[in-house]
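Architecture and fold: a report
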Amino acid sequence: MIPSHFNYHNPTNLAQVFALLSEHAGEAKVLAGGHSLLPMMKFRFAEPTHLVDLADVAVLKGIKVNDSNLLIGAMSSENDLLRFANMEQLCPLLFKATQLIADPQVRNRGTIGGDIAHGDPGNDQPAVMLALNAQFHLESSQGKRIVAADEFFHGTYQTALAADELLTAIEIPLEQANKRFGFRKLKRKTGDFATAACALTLNFNDGQCSDVRIALTNLAPKSFRAYQAEWLLNNHPLNQDTIDAAVELAMRACEPAKDLRGDAQYKTKMAGEMLKRALLDATSSDSQ
Amino acid sequence: MKSQKVSFTLNGKATEVAVEDRTLLVHALREELNMTGTHIGCDTTHCGVCTVDLDGESVKSCTVLARQAQGKTLTTVEGLAQGKELHAVQAAFMQEHGLQCGFCTTGMLMRAYRFLQENPTPTEEQVRWGLSGNLCRCTGYQNIVKAVMRASENLQAIALTES
Ligand SMILES: Cc1cc2nc3c(=O)[nH]c(=O)nc-3n(C[C@H](O)[C@H](O)[C@H](O)COP(=O)(O)OP(=O)(O)OC[C@H]3O[C@@H](n4cnc5c(N)ncnc54)[C@H](O)[C@@H]3O)c2cc1C
Ligand code: FES
Ligand code: FES
């Protein structure tokens, strides 16, 4: 399969990127790892006539840690995250989830920025970002702004990004990265997208959860937080009844599309199961 | 559409090839450069038969544009053997019978070649994870895993005799 014709551009700084995006407004797309975009172009689901490769824009790469944040350049590949010194200790949820994305070759090319910006509810990083209360740094020729993960995902392939705007970096508060976490992903085989997945973070003291964030993958047109289940767990001691009730509330919030991975009923049931297991992982005494 | 020249180092040789912007790396290799060892299977980034080594990383060349290889160093399966002498990974696939029809083999070899540099002494489980981007419809993977374990031993032995 061969994509339709397009013009390939290879800018080396942000000013050039923005100039290309405004010159070809409505016809250009940025190319990150290309592991969602190129397959779509080969199927001709996407036919941009200008492709602006971000590979040589150095400011979009690199991972930094300061006193309060982890700052990840949007063009960091999934394997860059896994290879970054101490990532497993710095942000164990991100590390664990990233290990379960696709396969080694795909993780060499696919970027965290592309995984988020694509707005695919089947991608894993959006839910991980919701659970980690990540802040996204966006930039266009008009200036910079920061949008919380909570406000970013609007629907399938729809995000807060304007057509001429880039996701430049992802900021994760270390306080959030250090919380107890759970991540469970059901997939048909190693390397597959999730049939259903749950990422969560919380504090747990004296048998009671607080600051719970539960995010679900591939269970609605966008990745989303199960707010009612969070509320229930924040306000009641953790026991079998409250776990069952939280699972029930989360399942009611699901509206998955039927596909080869299962029908809506099965996926919803699996969402509940993934939440239950992630919650037990996060609150069991020997974990974390 | 006009062609653009792309240059890279391919199996140790400076190489230049004219491609359209939309040309995929795998097509440039197979159709323009006659390097047909790199196969096309699924064409949807799943099977790994198109795996090549790009600047020290395994990538699926059906999902990389030829123009993205500009200035980079590429190794394909044609670059593994030195003259008539098989690479240790190739030799191990022969010793352990790590192939049947051979269709997936070039991708398996390229991934195993890189994987054993990332992790020279893997466990069997790590081999399975490391090769999880490569599918085989014939072998049931058993002998492929054995071959990679054997290749690891072969490479360790070579490293010992060289040190
Ligand atoms: C076989 C296979 C299995 C996979 N399995 C999983 C999985 O289990 N979990 C998972 O999460 N993902 C999975 N993926 C998707 C993979 O992680 C993609 O790489 C990722 O979704 C997109 O990242 P990319 O860097 O490749 O982006 P691209 O494909 O280059 O871009 C995707 C979209 O985002 C836009 N974009 C990219 N970067 C930016 C930016 N910085 N600012 C603004 N817009 C931008 C592009 O214009 C495009 O519209 C899989 C992919 C394959 C091929
Ligand atoms: S042909 Fe490239 S992954 Fe199958
Ligand atoms: S040997 Fe036939 S596909 Fe692997």
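Residues numbered from 1 in each chain as written. Chains lettered and ligands numbered in written order. Predicted model: local features only at pLDDT ≥ 70, side-chain atom pairs only at ≥ 80, totals over all residues. Heavy atoms only, no water.

**Section: the overall build of chain A**
Here is the rule we go by: Put simply, DSSP marks the helices as runs of H or I at least four residues long and the strands as runs of E at least two long, and each gets a number from the N terminus on. It is over C-alpha atoms that the radius of gyration is taken, and the globule rule equals 2.2 Å times the number of residues to the power 0.38. Here's how the labels work: a residue is buried when its accessible area is under 20% of the maximum for its type, exposed when over 50%, partly exposed in between, all with a 1.4 Å probe on protein chains only. In this analysis, two residues are considered to be in contact whenever any of their non-hydrogen atoms come within 4.5 Å of each other.
Looking only at helices and strands, chain A has 13 helices and 14 strands in total. In terms of C-alpha radius of gyration, chain A reaches 19 Å, essentially the compact-globule figure of 19 Å for 288 residues. C-alpha atoms of chain A, sized along the principal axes, occupy 60 × 45 × 35 Å. Buried positions account for 59% of the 288 residues belonging to chain A. Considering only residue pairs separated by 6 or more positions, chain A has 61% of its internal contacts joining residues 24 or more positions apart.

**Re the environment of Pro104 of chain A**
Within the secondary structure, Pro104 of chain A is located in helix H6 (residues 104-109). For Pro104 of chain A, a relative accessible area of 6% puts it in the buried group. Setting aside residues no more than four positions away along its own chain, Pro104 of chain A makes contact with Asn79 of chain A together with Arg111, Trp129, Gly130, Ser132 and Gly133 of chain B.

**Some words on the site of ligand 1**
The condition that has to hold: Note on terminology: near, applied to a residue and a molecule or strand, indicates that one of the residue's heavy atoms is within 4 Å of it. Two N or O atoms form a polar contact when they lie within 3.5 Å of each other; inside protein one atom must be a possible hydrogen donor and the other a possible acceptor, and for residues adjacent in sequence the pair counts only when both atoms belong to side chains.
Surrounding ligand 1, one finds 32 residues, the nearest of these being Val30, Gly34, Leu37, Thr111 and Asp124 of chain A. With respect to ligand 1, its neighbouring residues span chains A and B. In the model, an oxygen atom of ligand 1 is placed 2.7 Å from a nitrogen or oxygen of the Ser36 of chain A side chain. Thr111 of chain A is positioned with one of its side-chain polar atoms (N or O) 2.6 Å from an oxygen atom of ligand 1.

**What about the interface of chain B and chain A?**
Put simply, the test is: What gets called buried area is simply the loss in accessible area from a 1.4 Å probe that two parts show on being joined, summed for both. Any Lys or Arg side-chain nitrogen found within 4 Å of a carboxyl oxygen on Asp or Glu counts as a salt bridge. Only Asp, Glu, Lys and Arg are considered charged, only Ala, Val, Leu, Ile, Met, Phe, Trp, Tyr, Cys and Pro nonpolar, and every remaining residue, Gly among them, polar.
Residue-level contacts link 28 residues of chain B with 30 residues of chain A. For the chain B and chain A pair, buried surface summed over both sides reaches about 2600 Å², with 57% attributable to carbon and sulfur atoms. Where chain B meets chain A, there are three salt bridges. A salt bridge links Lys42 of chain A to Asp43 of chain B; the nearest nitrogen and oxygen atoms lie 2.7 Å apart. Summed over the shared surface of chain B and chain A, the number is eleven residue pairs in polar contact (both at pLDDT 80 or more). Mapped onto the side of chain B that touches chain A, the elements with two or more residues apiece are strand E3 (51-54), strand E4 (57-60) and helix H4 (124-130) of chain B. When residues of the side of chain B that touches chain A are assigned to their parent elements, the largest contribution, four residues, is made by E4 of chain B. Along the lines of polarity and charge, the residues of the side of chain B that touches chain A split into nine nonpolar, eleven polar and eight charged.

**A word on the domain arrangement of chain A**
All names here are of chain A. Counted only if it meets this: Note that the domain bounds reflect an automated or database-derived domain assignment.
With domains assigned, chain A is organised as domain 1 (7-53), domain 2 (58-175) and domain 3 (180-281). One C-alpha centre belongs to domain 1, the other to domain 2; they are set 19 Å apart. Between domain 1 and domain 2, the residue contacts involve eleven residues of the former and 15 residues of the latter. Of all residues in domain 1, Leu14, Phe18 and His35 give up the largest surface area on contact with domain 2, accounting jointly for 45% of the area buried on that side. Scanning the region where domain 1 abuts domain 2 turns up zero residue pairs in polar contact (both at pLDDT 80 or more). Top contributing element to the side of domain 1 that touches domain 2 by residue count: helix H1 (residues 14-23), with four residues. Residues of the side of domain 1 that touches domain 2, tallied by class, amount to seven nonpolar, four polar and no charged.

**Some thoughts on the packing of helix H2 (residues 88-95) of chain B against helix H3 (residues 105-118) of chain B**
All names here are of chain B. The line we're drawing: Axis angles are defined between N-to-C directions and span 0 to 180 degrees, where every axis is a line fitted to C-alpha atoms and, for a helix, only to the segment in contact. An angle counts as roughly parallel when it lies under 35 degrees, as roughly antiparallel when it exceeds 145, as roughly perpendicular when it falls between 65 and 115, and as oblique in every other case. Left-handed describes a crossing in which the near helix is turned anticlockwise from the far one by less than a right angle; the clockwise case is right-handed.
Where H2 contacts H3, the two axes come as close as 9 Å, and the packing angle between them is 125°. When the axis of H2 is compared with that of H3, the two are oblique. The handedness of the crossing between H2 and H3 is right-handed. Counting all contacts with H2, which are made through Val89, Gln90 and Phe93, the residues of H3 involved are Thr105, Met108, Leu109, Ala112, Tyr113 and Leu116. Within the contact of H2 with H3, the residues separate by chemical class into seven nonpolar, two polar and no charged.

**Thoughts on the packing of helix H12 (residues 240-252) of chain A against helix H13 (residues 264-283) of chain A**
Residues and elements named next belong to chain A. Viewed as axis vectors pointing N to C, H12 and H13 meet at an angle of 140°, and their least axial separation amounts to 9 Å. If you check the angle between H12 and H13, you find them oblique. When you trace H12 past H13, the crossing you get is right-handed. For the pair formed by H12 and H13, the contact residues are Ile243, Asp244, Ala246, Val247, Ala250 and Met251 on the first element and Thr268, Lys269, Gly272, Leu275, Lys276, Leu279 and Leu280 on the second. Along the lines of polarity and charge, the residues of the contact of H12 with H13 split into eight nonpolar, two polar and three charged.

**Side note on the environment of Glu85 of chain B**
Within the fold, Glu85 of chain B resides in the loop between strand E5 (73-75) and H2. As a C-alpha pair, Glu85 of chain B and Lys146 of chain B span 61 residues in sequence and 21 Å in three-dimensional space.

**Some thoughts on the side chain of Thr139 of chain B**
Residue and element names in this part refer to chain B. When you line up the elements, Thr139 lands in the loop between H4 and helix H5 (142-162). One polar contact links the side chain of Thr139 to the main-chain amide nitrogen of Tyr141, over a distance of 2.9 Å. Excluding residues that lie within four positions of it along the chain, Thr139 makes contacts with Gly98, Leu99, Gln100 and Ile144.

**Notes on the sheet that holds strand E3 (residues 50-53) of chain A**
Residues and elements named next belong to chain A. Test applied: If DSSP finds at least two bridges between two strands, the strands pair.
The strand order across the open sheet built from three strands is E1-E3-E2, with neighbouring strands paired in parallel fashion. Pairing within the sheet leaves two strands with one partner each, and these edge strands are strand E1 (7-9) and strand E2 (28-31). Adjacent strand axes in the sheet meet at a mean angle of 25° when their direction is disregarded. Here E2 runs beside E3; their pairing, made up of four bridges, is parallel. Residue pairing in the sheet places Lys29 in a bridge with Leu51 of E3. Contacting E1, E2 and E3, H1 runs over the sheet at an angle of about 170° to E3.

**Quick notes on the pairing of strand E10 (residues 166-173) of chain A**
All names here are of chain A. The buried fraction of E10 is high, at eight of eight residues. For strand E5 (residues 69-73) and E10, the ladder comprises five bridges, and the chain directions are antiparallel. In the strand pairing of E10, Gly73 is matched with Ala169. Judged from the five bridges that link them, strand E6 (residues 135-140) and E10 form a sheet pairing that is antiparallel. Residue pairing across strands places Glu139 opposite Leu166, the latter belonging to E10.

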